[in-house]
Amino acid sequence: MLGSARRAAGGRGAGAEAGAMADKYVPGELEAKWQRTWAERGLFRAADLPGADKFYLLEMFPYPSGRLHMGHVRNYAIGDVAARFHRMRGKAVLHPMGWDAFGLPAEQAAMERQLDPKQWTFDNIDEMRRQLKLLGLTYDWDRELATCVPEYYRWEQLVFVRMLERGLAYRRKSLVNWSDALQTVLANEQVIDGRDYKLGEPVVQRELEQWFLRTTAYAERLLAGVEALAGAWPERVLLEQRARIGKSHGTEIRFPLEQPAGGTSELLVFTTRPDTLFGVTFMSLAVEHPLALELARGGGRESEVRAFVDRTRNDLRRMRADELTKDGVFTGAYCTNPATGGRVPIFIANFVLMDYGTGAVMAVPAHDQRDFEFARKFELPIKVVIAPPDGTRLDPATMDCAYVEEGRQVNSAQFDGLPNSEGMQRITAWLAERGQGGATVSWRLRDWCVSRQRSWGCPIPVVHCAACGVVPVPEAELPVVLPPDLAFDVRGGNPLARHPTFPNIACPKCGGPGRRETDTLDTFVESSWYFLRYCDPQWDQAPVRHDRVAAWMPVDQYIGGIEHAVGHLMYARFYHMVLKDLGFLPASVPDEPFARLLTQGMVCKETYFTPDENGNPVWHYPEEVEDGKSKVNGAPVTVGRIEKMSKSKRNVVGLEAFVERYGADTARLFTLFAAPPEKDLEWRDEGVEGCWRFLARVWRITNEAAEAVRAAPATLPPGELPPRWQALRRLVHQTIRRVTRDIDGRFHLNTAVSAIMELTNALADAGVPEAADPARSDCGPEPAGDPTAGPAVRREAVLTLLRLLSPFAPHLCDELWQRIGQTGTVLEAGWPAFDEAAAAEEVLTVVVQVLGKLRGQLRVPPDATREQVVERAQAEPNVARFLEGKKIVKTVFVPGKLVNFVVK
RNA sequence: GCCGGAGUGGCGGAACUGGCAGACGCGCCGGACUCAAAAUCCGGUGGGCCAAAAGCCUGUGAGGGUUCGAGUCCCUCCUCCGGCACCA
């Protein structure tokens, strides 16, 4: 409104481009212009070797699906605020972006649409990069990398060969999650409720030869790292990692076998309850236990056991733990309890896990619920060895569940009477003395299965030779490059294995006929070191360049989705330690690659649906809904739950259409303002409008002030400012403090935006003197005193506003920066300096309470004494009213905050 | 089942280490501008008592406790979300 009035008055010429644009905030052209400028000036390029003031900021790189969604926008907007903030504060910032480019979707596209996975991937990358660039993010595109090129994955092959040499990579038969639908093995993280993460088809257990990385060898170090990251990573992630590592202290006990079997004369068990050793009444072995069939053969029950094992394996394919009832079979074999010398029958049980502990469990039905259920079913004896502290007598005949609490040892020979916690230690020590066991540690963490029967992944660089076994490809012959001509016309199976020449190779050792490994590596291997590669992505001498990595690592702030809490974040920590141990990293690099972690919440939105003929929901896009009815089928629409944006629920907001309408700055601001970063965000169109309005308001206010700011002196007049301007200046500096604190470390970006909004409101209230806006009659006349005070303070306020807002809405701020006569970009201008004295309040509000209830307020100078404040507080009429006729028994005084009279 | 986290206006969310609950935004109500609308601007907005204001009462999932003072600390319970789930 003001702009048009001025234009009419000023009669601006056609050449005054800036003025013509002053009318309305139109982000489209403006954003493109500044993105061009930034790129041309190379503003986001990181130094090769930064000094001590480096800041490595990283967002988890995306899979190039071809479509950027609002979840990405949120992730990258959060990161970009931090990147711009640290840059403005003078840090050397590394802020790279790349592509997690291997993976199943490319192969599926190849199978379904006969596309070349490489072509498909690079087309997607181009498309996603284009969309990403619309957002004005501060990436150093010179460091862009894609994991699917030999220049990247070759180094994984080298590392794999070295790991093989050190026994950190190995091959073994193992039960794995096999997806028929996807024709591959899946990691545990990729299996959700017995179904694959991708198509939701059933996953079965199969025994296959697989490649593993020995994560278990690093369990202790991974756990130590978790403890060290306390405070720097979200507690939730640390908890999940700690649970996954699952360290538990216990005791290893040897039970001599009556008849040696399978080359051994004893059965080794792991228990956390050695105190219950005297209560053992049977043994339970896992179905896959190597001695299972051997013992049965000796016990004369081979066929029964074999039948049970076969049957149970089928069960285990699908069933979840809680749907599986306890079942088992007697092997016919016995062992001896080393404590009592008693005879213990050995069973195979369906609930015993082979890959935890030793795969054999000493069963104490009186004090373990699972053993109790098993014993009841097979009518096995129950022997109580722990007595409850309350004196209750446990009777095996009538117990309906196991007693698992603390108590005193009973029926335990020389240990009787001890508290069971002490019994644990004493029995363990006693076993150790007699060579029958001892204290040990068990881990829940498993080795990392990295084999994938897929062709769009990093080939595992080994050769199988009938004579020499597994032979690594010699380092000089690396990389093993994926053949370009894979056939995807056959559904299922690995096209690499079917390739006419790829599998054929002579054994590197003996020259005889060999077969190349056709499994590829899990894509989590690529994402386990990409952050190192960014330090010099072109380096062709080694996976990473020492001096660069030494200069940039660790990542100072890592940002990504909570779904990677254990998978990616555990693998990357492990791999990073391995690289360090193998000498690929300089020793100065710390064990932990990610110094701080932020896990951002999901972007959610309301869903709309109508029921189909079977009552199942049919989801609708918001634009298909009109007046509460579906435009598709005319039925009344139900508003569904607020759920994560997804194509299947049709509750997505298209990025490009959005940016076209509102601009990238509004997209960024909204995702940052609507919720704190770590919480889920609900997308609401009204909220978007609010952010848009705010930016338009900044636009208007700044443009209105532009001429005055240009003309204003750059320094404040000496001496005291008139109160009105001093108040504005105080708010300016308080806002600098708040926004700085909110961004730095705390990541309360939503409150940082609030603070900036408050400053904007104050700036609007401070008014534009030459605009005699009747609606702003409260502005009052320009106060007396130095006439340059007002313009100078307002100039500082406008400059500060743009500086504080620029990490959130960089395009708008740079444009306005230029319009108020500043050169360059806000990024280069730097973060505003904070002046403690200017931020200090000269009058404090002290609240007065009587018996804890608010009865009045006082405005007092900061240096007021207790006596002065208390005296004035008592004189407040409303306070006096409540003090009348009462006796003050205590006066609480919190300087600058409150007075509380306790009366009787 | 076990281990975490969270419950604050009509809504998203603020409240640093116990000190004015509800910042900021949305929505809503009233007003200005306009022929009108949109946009914009100004004011109001937890609930209750009171004609209104002043003022008072009440209020952060429920109940108890500690404290001069509790959204914040402690105990019990309820609800929701997340993780793990035969880990011996």
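Conventions adopted
- Residues numbered from 1 in each chain as written.
- Chains lettered and ligands numbered in written order.
- Predicted model: local features only at pLDDT ≥ 70, side-chain atom pairs only at ≥ 80, totals over all residues.
- Heavy atoms only, no water.
- Helix = DSSP H or I, 4+ residues; strand = E, 2+ residues; numbered from the N terminus.
- Areas by Shrake-Rupley, 256 points an atom, 1.4 Å probe, with all protein chains shown as cover.
- Lys, Arg positive; Asp, Glu negative; His and termini not counted.
- Charge placed at Lys NZ, Arg CZ, Asp CG, Glu CD.
- Phe/Tyr/Trp six-rings, centres within 6.5 Å; stacked < 30°, edge-to-face > 60°.
- Buried < 20%, exposed > 50% of the residue type's maximum accessible area, 1.4 Å probe, protein only.
- Pairing = 2+ DSSP bridges.
- Axes fitted to C-alpha atoms, helices over the stretch in contact; angles between N-to-C directions.
- Salt bridge = Lys/Arg side-chain N within 4 Å of Asp/Glu carboxyl O.
- Contact = heavy atoms within 4.5 Å.
- Polar contact = N/O pair within 3.5 Å; in protein donor to acceptor, adjacent residues only side chain to side chain.
- Expected span 1.5 Å × (residues − 1).
- Arc of directions from axis to C-beta.
- Domains from an automatic or database assignment.
- Core = buried A, V, L, I, M, F, W, Y, C linked by side-chain atoms within 4.5 Å.
- pLDDT = per-residue confidence, 0-100.
- Parallel < 35°, antiparallel > 145°, perpendicular 65-115°, else oblique.
- Left-handed = near helix turned anticlockwise from the far one by under 90°.
- Nonpolar A, V, L, I, M, F, W, Y, C, P; charged D, E, K, R; others polar.

Per the secondary structure count, chain A includes 28 helices and 37 strands. With respect to the principal axes defined by its C-alpha atoms, chain A has extents near 110 × 90 × 65 Å. For chain A, the exposed surface amounts to about 40100 Å²; the carbon and sulfur share of it is 50%. Of the side-chain charges in chain A, 110 are positive and 118 negative, and the distance between the mean point of each set is 2 Å.

Now for the packing of aromatic side chains. Scanning the entire structure with this criterion turns up 37 aromatic pairs. Taken together, a centroid distance of 5.4 Å and an interplanar angle of 75 degrees make the contact between F160 and W211 edge-to-face. Of this pair, F160 sits in helix α7 (residues 150-165) while W211 sits in strand β9 (residues 203-213); the two residues are 51 residues apart in sequence, bridging distant segments of the chain. Owing to a relative accessible area of 1%, W211 belongs among the buried residues under this scheme. Here F282 and F347 contribute two aromatic rings whose centre-to-centre distance is 5.8 Å and whose plane-to-plane angle is 70 degrees, an arrangement assigned as edge-to-face.

Let us now look at the sheet that holds strand β1 (residues 54-59). Spatially, the four strands line up as an open sheet ordered β2-β1-β26-β27, and their pairing is parallel. Edge positions in the sheet fall to β2 (92-94) and β27 (597-600), since each of these pairs with one other strand and no more. The mean inter-strand angle of the sheet, taken between neighbouring strand axes irrespective of direction, is 20 degrees. Bridging between β1 and strand β26 (residues 557-561) involves three bridges; their strand directions are parallel. Residue E59 lies in a different strand from β26, and its bridge partner there is I559.

As enumerated under the stated definition, the model contains 54 salt bridges in all. With a shortest N-O distance of 3.9 Å, R301 and E304 are connected by a salt bridge. On the accessibility criterion, R301 (24% relative accessible area) is partly exposed. Shared partners join several salt bridges into a network, and the residues in it are D48, D140, R143, D536, R545, D547 and R548.

For T121, the location among the structural elements is in helix α6 (residues 117-133). For T121, a relative accessible area of 0% corresponds to the buried category. Distance in space between the C-alpha atoms of T121 and W683 is 30 Å, their sequence separation being 562 residues. In contact with T121, not counting residues within four places along its chain, are P64, A101, A106, C148 and W456. Polar side-chain contacts of T121 include one of 3.4 Å to the side chain of W456.

With 17 residues, α6 extends 24 Å between its outermost C-alpha atoms, agreeing within 8% with the 24 Å of an ideal straight helix rising 1.5 Å per residue. Within the sequence span of α6, burial applies to P117, W120, T121, N124, I125, M128, R129, Q131 and L132. Along α6, the residues classed as buried sweep out an arc of 165 degrees about the axis, all on the same side. Its buried side turned inward, α6 meets α4 (70-88), β3 (98-99), α5 (104-113), β4 (145-146) and α18 (655-662).

Turning next to the sheet that holds strand β36 (residues 888-894). Across the sheet, four strands lie side by side as β35-β34-β37-β36; this open sheet has mixed pairing. Of all the strands in the sheet, just β35 (853-860) and β36 have a single pairing partner and so form its edges. Averaged over neighbouring strand pairs, the angle between their axes works out to 20 degrees when direction is ignored. Bridge count for β36 against strand β37 (residues 898-903) is six bridges, and the pairing is antiparallel. Residue pairing in the sheet places F893 in a bridge with V899 of β37.

Moving on: α7. An ideal rise of 1.5 Å per residue puts 22 Å on 16 residues; α7 measures up with 22 Å between its terminal C-alpha atoms. When α7 is considered as a whole, its buried residues turn out to be Y152, Y153, W155, E156, Q157, L158, V159, F160, V161, M163 and L164. The first or second residue beyond α7 is G167, which carries a positive phi of 75 degrees.

Once that is clear, we can look at the side chain of S806. Structurally, S806 is set in the loop between α23 (789-805) and α24 (810-819). Excluding residues within four positions of it along the chain, S806 makes contact with R84, M88, C813 and V826.

What follows is about the domain arrangement of chain A. The assigned domain composition of chain A is domain 1 (155-214 + 447-521), domain 2 (248-442), domain 3 (603-644), domain 4 (681-772 + 787-839) and domain 5 (844-903). Each of domain 1 and domain 5 has a C-alpha centre, and these two points are 76 Å apart.

The next thing to look at is unusual backbone geometry. Here the bond from L478 into P479 is cis, since omega is 0 degrees, no more than 30 degrees from zero. Here M553 and P554 are connected by a cis peptide whose omega angle stands at 0 degrees. Position of P554 among the secondary structure elements: in the loop between α16 (546-552) and β26. Positive phi values are uncommon outside glycine, yet Q114 reaches one of about 55 degrees. Looking at where Q114 falls in the secondary structure, it is placed in the loop between α5 and α6.

What follows covers the nonpolar core. Among the nonpolar cores identified, the biggest contains 183 residues, and Y56, M163, Y530, F531, W683, L805 and F808 are the most heavily contacted of them. If one sorts the elements of this core by residue count, helix α20 (residues 685-711) sits on top with 12 residues. If you look at the next biggest cluster of nonpolar residues, it comprises 53 residues, including A339, V352, F374 and F415.

This paragraph deals with the confidence of the model for chain A. Across chain A, the average pLDDT comes to 88, with 93% of residues at 70 or higher. In this model residues 1-21 is a low-confidence stretch, pLDDT under 50, and it forms 16 contacts with partners more than four residues away in sequence or in other chains.

How two helices pack is summed up by the angle between their axes together with the distance between the axes. One way to put it is that helix α9 (residues 235-245) packs onto helix α17 (residues 567-581) with a least axis distance of 10 Å and a crossing angle of 70 degrees. On the basis of the axis angle, α9 is roughly perpendicular to α17. Between α9 and α17 lies a crossing whose hand is right-handed. Across the interface between the two elements, V237, Q241, R244 and I245 from α9 touch L569, M570 and R573 from α17. Tallied by class, residues from the contact of α9 with α17 come to four nonpolar, one polar and two charged.

Right, let's talk about the side chain of E31 for a bit. Relative to the helices and strands, E31 resides in helix α3 (residues 27-41). In this structure, E31 is buried with no salt-bridge partner, the nearest side chain bearing the opposite charge being R668 at 8.0 Å. In this structure E31 touches Y25, L134, V659, G663, A664, D665 and H811, once residues within four positions along its chain are discounted.

What follows deals with the environment of A397. Inspection of the secondary structure puts A397 in the loop between β16 (386-387) and β17 (408-409). A397 gets classed as exposed once you look at its relative accessible area, which sits at 64%. With 156 residues separating them in the primary sequence, A397 and M553 have C-alpha atoms 64 Å apart.

The buried category is assigned to E31, whose relative accessible area is 3%. From its side chain, E31 meets the backbone nitrogen of A664 in a polar contact 2.7 Å long.

Another aspect to go through is the pairing of β37. Summarising burial for β37: five of the six residues are buried, a large majority. Bridge count between strand β34 (residues 844-850) and β37: four bridges; the pairing is parallel. Along β37, the bridge assignment pairs V850 with F901. What sits between the antiparallel neighbours β36 and β37 is a turn of three residues, in which G896 has the positive phi angle 75 degrees.

Turning to the packing of helix α21 (residues 723-746) against α23, a few remarks are in order. Contact geometry of α21 with α23 gives a least axis separation of 9 Å together with a crossing angle of 20 degrees. Accordingly, the angle class assigned to the pair α21 and α23 is roughly parallel. As for the relative orientation of α21 and α23, their crossing is left-handed in sense. Along its contact with α21, which presents W725, L728, R729, V732, H733, T735, I736 and V739, the element α23 presents G790, V793, R794, E796, A797, T800 and L804. Residue composition of the contact of α21 with α23, by class: eight nonpolar, four polar and three charged.

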